[in-house]
Amino acid sequence: MSKVLVVGSINMDLVAQVDQFPRLGETLFGQSFATHHGGKGANQAVAAARLGAEVTMIGRVGDDAFGQELKTSLAAEGINTEWISSSANTASGIAMITLAGSDNAIIVVPGANADLTPADVIAAESAFLAADVVIAQLESPLATIEMAAQLAQRHGKPFILNPAPAMPLSAELLKQITLLTPNEFELSIALGTPENAWQAALQHYPGQILMTAGQDGAWYTNAAGELQQQESFAVHAVDTTGAGDTFNGALAAFWHLGLSEASRLACAAGALSVTRAGAQGGMPTLAELNAFLDGVQGKTGDEK
Ligand code: RIB
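The structure contained in this document is the topic of the report that follows. Source: prediction; values computed, not measured. (Residues numbered from 1 in each chain as written. Predicted model: local features only at pLDDT ≥ 70, side-chain atom pairs only at ≥ 80, totals over all residues. Heavy atoms only, no water.)

A few points about the sheet that holds strand S13 (residues 227-230)
Spatially, three strands are ordered S11-S12-S13 in an open sheet, and the strand pairing comes out antiparallel. The open sheet terminates on both sides in strands that have one partner only, identified here as strand S11 (210-212) and S13. The average undirected angle you get between the axes of adjacent strands in this sheet is 20°. In the sheet, strand S12 (residues 218-221) pairs with S13 via four bridges, with the strands oriented antiparallel. Across the sheet, the residue bridging to Tyr220 is Gln228, located in S13. (Pairing = 2+ DSSP bridges. Helix = DSSP H or I, 4+ residues; strand = E, 2+ residues; numbered from the N terminus. Axes fitted to C-alpha atoms, helices over the stretch in contact; angles between N-to-C directions.)

What follows is the structure, encoded as structure tokens:
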């Protein structure tokens with residue numbers, strides 16, 4: 001299993017379940033409320049750790065009760081939290097999530113995540129040396145992510161960037177990324193290309209972009225520039241929050257197996273993750289992933 005270094009966000013998810021999303025100006029009664037551990041970075045770290053990867057995380061929490069709980073829970077998942085620091089007089093990051101059916105709408109308030117500086121990343125340079133693969137997202141300041149990309153490149157480590165939430169990326173950063181893992185919308189924003197031009201974008205960056213496509217699985221081009229699809233796995237979705245993070249964490253954990261096999265396993269892990277509530281609630285262990293894959297062996301097409 002790959003040694004994974006995650007640079008990114010840690011949030012407490014405040015989740016309200018409703019029958020339907022409210023309209024502008026409307027007040028609705030919700031059915032239930034729950035807090036779940038989340039944040040795209042923490043989610044990716046947990047996904048990789050559950051699958052057996054050795055994971056180190058660089059991040060920041062606030063000096064509040066959420067911060068303590070979030071850091072403790074990451075350590076309980078077996079993640080090295082040495083480089084997760086606490087910002088004084090600052091709230092931890094939170095995400096307000098409205099869940100209607102299995103779909104969600106999310107507002108993130110970064111809190112301490114906004115304090116993660118390039119200096120924090122430089123201070124953890126030894127973690128880059130120890131890693132097989134580095135993965136990051138965009139809920140932390142862009143300058144910090146750019147520093148992580150630079151350090152990964154300096155030490156010859158593959159750098160996976162999940163460009164979520166969507167934002168434009170500089171040509172300089174794009175050059176330092178080994179693999180970009182956007183959905184279709186994030187891809188168009190990251191590259192500044194029209195949304196329906198994703199095939200051309202994938203062919204322009206052979207082997208460097210893997211686009212997630214929900215129920216259509218994932219698309220990428222192989223080294224020969226040929227478009228490849230990894231099909232998704234059909235499951236009963238309860239909560240899709242964190243499915244993309246599970247996919248990315250699994251991709252990093254299975255990085256040593258190559259893009260084709262890593263993306264197949266990542267699609268399976270992402271599918272399993274939506275079958276239970278909470279971003280991290282449904283993330284599978286390696287044993288659960290293997291059992292699931294054993295169950296779908298031999299099934300074809302829509303049965304998978
Ligand atoms: O990708 C899902 C995550 O996005 C949630 O856990 C929430 O914290 C937001 O960061």
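Description of the site of the ligand
Taken together, the neighbourhood of the ligand is formed by Asn11, Asp13, Gly38, Gly39, Lys40, Asn43, Ala95, Val108, Glu139, Gly242, Asp245 and Ala279. The backbone of Gly39 places a nitrogen or oxygen atom 2.9 Å from an oxygen atom of the ligand. Within the side chain of Lys40, an N or O atom sits 2.8 Å from an oxygen atom of the ligand. Within the complex, the protein chains bury 96% of what would otherwise be the 280 Å² of accessible surface of the ligand. The set of elements that each furnish at least two residues to the shell around the ligand consists of strand S2 (11-18) and helix H1 (40-50). Tallied by class, residues from the shell around the ligand come to three nonpolar, five polar and four charged. (Near = heavy atom within 4 Å. Polar contact = N/O pair within 3.5 Å; in protein donor to acceptor, adjacent residues only side chain to side chain. Areas by Shrake-Rupley, 256 points an atom, 1.4 Å probe, with all protein chains shown as cover. Nonpolar A, V, L, I, M, F, W, Y, C, P; charged D, E, K, R; others polar.)

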